[in-house]
Number of protein chains: 2
Amino acid sequence: MRATTGKTPFDMDPRGNYLLGALPATEFDRIAPALEAVRLPRPAELEGANEPIEYVYFPTSGVASIVSIDEDGETVDTAMIGREGMTGLSVFLGTGQSPMRTIVQVPLTGVRLPAKVLRDELGRDGRLVPLLQRHTQVVMVTMAQLILCNRIHRLDQRAARWLLQVDERVEEEPFGVTQDFLAQMIGVQRPALSLAMRQFKDAGLVTYSRGQISIADRDGLLERSCGCITVIAAEADRLRSTLDAPRPLA
Amino acid sequence: MRATTGKTPFDMDPRGNYLLGALPATEFDRIAPALEAVRLPRPAELEGANEPIEYVYFPTSGVASIVSIDEDGETVDTAMIGREGMTGLSVFLGTGQSPMRTIVQVPLTGVRLPAKVLRDELGRDGRLVPLLQRHTQVVMVTMAQLILCNRIHRLDQRAARWLLQVDERVEEEPFGVTQDFLAQMIGVQRPALSLAMRQFKDAGLVTYSRGQISIADRDGLLERSCGCITVIAAEADRLRSTLDAPRPLA
DNA sequence: TGTCGTCTGTACTTCATCGAACATAGCCGA
DNA sequence: TCGGCTATGTTCGATGAAGTACAGACGACA
């Protein structure tokens, strides 16, 4: 499948993205004309390392991922971004680029917005800035938790966590991810991951075949997962609820 | 040593902190009356997990550290904050708290500011917001790199990286950190770390005794360290230089 | 000066993961 | 329908680190 862009060339509501959905109509209408529907395959690159960001992406289904790269070219997933968020936080932070890449991890549907339009909108008072502030914090918490997770939790726990995090962000299953790619994302050897996946399959928690994965038993996976997913979900929920407060915070 | 607070009770210039030093005089003068000099021992807690942040800290020497905690109470260091930055980014992000703790990792000197004063100042136009935006990005990049580092780099490489990162942030050596504490921070067993430290000592890269460490050969440690420190330093330098640009970014 | 507590050195067993090699199976295009 | 490619399954020795236990060494304090 090739990347598709253009004005809603397929059935998709931009406000299926949480951030866009939470914007007041006046703000949404201001940026709406510049939104462009996209459908992107894995592993499309949304931002290059140390390259200026041209578009920010608001997924409605699928997962984008911020990946770190080291001197040897090894890559590891550092944070998932799905319909709860936006890629390109460096634009929000005013720096316009970062040393990480952002790629498509699970085939993605959503809209994109030119970085310049976002910058202009940030200058206006409204709901957008506090929304993005909260999203920034969620990403930071996700990363902080993943640092711990990658250090002290077992491979199968991390794999279960990853599957659950994706499950939260896809509209329909199965979703397209190969074990090879997944292994690279969680930073392990494919054979080791293959064993874990096999266990999950035998236990009836997931089904998969040739790069198509379905979650069959969320609760079962939760039991085998580490608690990181709970920590992250709790913080995301808390921050969503604070936004119902009457006045946006500083 | 006990925590000391009060108006400059010892010799220390708040503007030795990079952020405070980069503020225009008018902005600095506005918050200066609320600044309070502090000297804190390890492992003093600056922010509790899921507790409202009362003060933000601007170190001038020493290191504060954001640590993640899991369900079993295990803790791992996720980002260092020294004289280049400020603790309490959640205040800047408007959320006021986070699920991570922030503690003193290497005995710390600096100033603190009530969160409320910072919030008020953020409402004014000036240099502070762009400075903190950049700092937020540096912290995020640090975390992202650490996710990769914790996953694929060896213990001795990570230990070397840690030593170098501390070396950049302390005014005088030796600095006070026990191997036991360090092992917990980089998330390994103390005996394993002890071996690495012993190698560094035998190679003449460091000297230490009973919780007092000195770096003897920065270049030697750099060779044994992973490249993560370079990635982080490069991004920090880049962002510092963009601040010399005439107009602050959005 | 002796004792206690903290910090550090070292040894050893067990385990998770690495890293590489090879086997199998489904899909696709020529 | 026959390769050829990609995705997955499986094995095995090597290795880094976990986990535990205990010994030595230095400082603080009585």
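Just above sits the structure.
What you see is a predicted model; the values in this text were computed from it and never measured. (Residues numbered from 1 in each chain as written. Chains lettered and ligands numbered in written order. Predicted model: local features only at pLDDT ≥ 70, side-chain atom pairs only at ≥ 80, totals over all residues.)

## Notes on the interface of chain B and chain A
If you look at the interface, chain B gives 43 residues, while chain A gives 43 residues. Considering every element that reaches the side of chain B that touches chain A, the biggest residue donor is helix H5 (residues 128-152) of chain B, with 16 residues. Here the residues of the side of chain B that touches chain A sort into 21 nonpolar, 15 polar and seven charged. (Contact = placed C-beta atoms within 7 Å. Helix = DSSP H or I, 4+ residues; strand = E, 2+ residues; numbered from the N terminus. Nonpolar A, V, L, I, M, F, W, Y, C, P; charged D, E, K, R; others polar.)

## Points about helix H10 (residues 228-242) of chain B
Residues spaced three or four apart along an α-helix face the same direction, because each turn holds 3.6 residues. All names here are of chain B. In this model H10 runs 22 Å from its N-terminal to its C-terminal C-alpha over 15 residues, within 8% of the 21 Å that 1.5 Å per residue would give. Along H10, the residues that are buried comprise Cys228, Ile229, Val231, Ile232, Glu235, Ala236 and Leu239. Burial along H10 is one-sided: seen end-on, the buried residues are contained in an arc of 165°. Structural note: H10 exposes Asp237 and Ser241 on the side pointing more than 90 degrees away from its buried face. Looking at the buried residues of H10, the elements they touch are H5 and helix H6 (155-167). (Expected span 1.5 Å × (residues − 1). Buried ≥ 20, exposed ≤ 12 C-beta atoms within 10 Å, placed from the backbone. Arc of directions from axis to C-beta.)

## Quick look at the nonpolar core
A general trend in soluble globular proteins is that nonpolar side chains are found buried together. In terms of nonpolar packing, the biggest core is built from 153 residues, with Val56(A), Met143(A), Ile147(A), Val56(B), Met143(B) and Ile147(B) touching the most fellow members. Excluding its chain neighbours within four sequence positions, the residues that come into contact with Met143(A) are Thr78(A), Ala79(A), Met140(B), Met143(B), Ala144(B) and Ile147(B). (Core = buried A, V, L, I, M, F, W, Y, C linked by C-beta atoms within 7 Å.)

## Thoughts on the sheet that holds strand S9 (residues 212-215) of chain B
Residues and elements named next belong to chain B. Sheet architecture is open: three strands sit in the order S7-S9-S8, paired in antiparallel fashion. The open sheet has two edge strands with one neighbour each: strand S7 (175-176) and strand S8 (206-209). Two elements, S7 and S9, share two bridges in a ladder whose sense is antiparallel. Following the sheet pairing, Gly176 is matched in S9 by Gln212. (Pairing = 2+ DSSP bridges.)

## A look at helix H7 (residues 179-186) of chain A
Residue and element names in this part refer to chain A. Where H7 is concerned, the buried positions are Leu182, Ala183, Met185 and Ile186. The buried residues of H7 occupy an angular sector of 160° when the element is viewed end-on, so they sit on one face. Buried positions along H7 lie against strand S4 (55-69), strand S5 (75-81), strand S6 (101-114), helix H6 (155-167) and helix H8 (190-202). Looking at the residues trailing H7, positive phi occurs at Gly187, about 75°.

## Let's talk about the pairing of S6(A)
Two faces belong to every sheet, and in a regular strand the side chains alternate between them. Residue and element names in this part refer to chain A. Among the 14 residues of S6, twelve are classified as buried, and the element is accordingly described as predominantly covered. Judged from the five bridges that link them, strand S2 (residues 36-40) and S6 form a sheet pairing that is antiparallel. In the strand pairing of S6, Val38 is matched with Gly110. Of the strand pairs in this sheet, S4 and S6 are connected by eleven bridges, and their pairing is antiparallel. Opposite Val56, over in S6, you have Leu113 as the bridge partner.

## Details of the environment of Gln165(B)
When you line up the elements, Gln165(B) lands in helix H6. Setting aside residues up to four positions removed in sequence, Gln165(B) forms contacts with Met80(B) and Ile229(B).

## What about the environment of Met185(A)?
All names here are of chain A. When you line up the elements, Met185 lands in helix H7. Linking Met185 and Ala115, residues 70 residues apart in sequence, is a C-alpha distance of 27 Å. In this structure, Met185 is in contact with Ser65, Asp77 and Gln105, ignoring residues within four places of it in sequence.

## Details of the sheet that holds strand S7 (residues 175-176) of chain A
Strands sit in the order S7-S9-S8 (chain A) across an open sheet of three strands; the sheet is antiparallel. On the outer flanks of this sheet lie S7 and strand S8 (206-209) of chain A, each paired with one strand and no other.

## Quick word on the packing of H6(A) against H8(A)
All names here are of chain A. Their axes nearest at 10 Å, the elements H6 and H8 cross at an angle of 65°. One element, H6, and the other, H8, form an angle in the roughly perpendicular class. Two packed elements cross with a definite hand, and for H6 against H8 that hand is right-handed. Listed contacts from H8 to Leu155, Asp156 and Ala159 of H6 are Ala192, Leu193, Ala196 and Gln199. Each residue belonging to the contact of H6 with H8 can be placed in one class, and the counts come to five nonpolar, one polar and one charged. (Axes fitted to C-alpha atoms, helices over the stretch in contact; angles between N-to-C directions. Parallel < 35°, antiparallel > 145°, perpendicular 65-115°, else oblique. Left-handed = near helix turned anticlockwise from the far one by under 90°.)

## Thoughts on the packing of H5(B) against H10(B)
All names here are of chain B. H10 packs onto H5 with a crossing angle of 170° between their chain directions and a minimal axis gap of 10 Å. Taken together, the axis directions place H5 and H10 in an arrangement best described as roughly antiparallel. In the packing of H5 onto H10, the handedness of the crossing is right-handed. Within the contact between the two elements, H5 uses Arg134, Gln137, Val138, Val141, Thr142, Gln145 and Cys149 and H10 uses Cys228, Val231, Ile232, Glu235, Ala236 and Leu239. For the contact of H5 with H10, a count of residues per class yields eight nonpolar, three polar and two charged.

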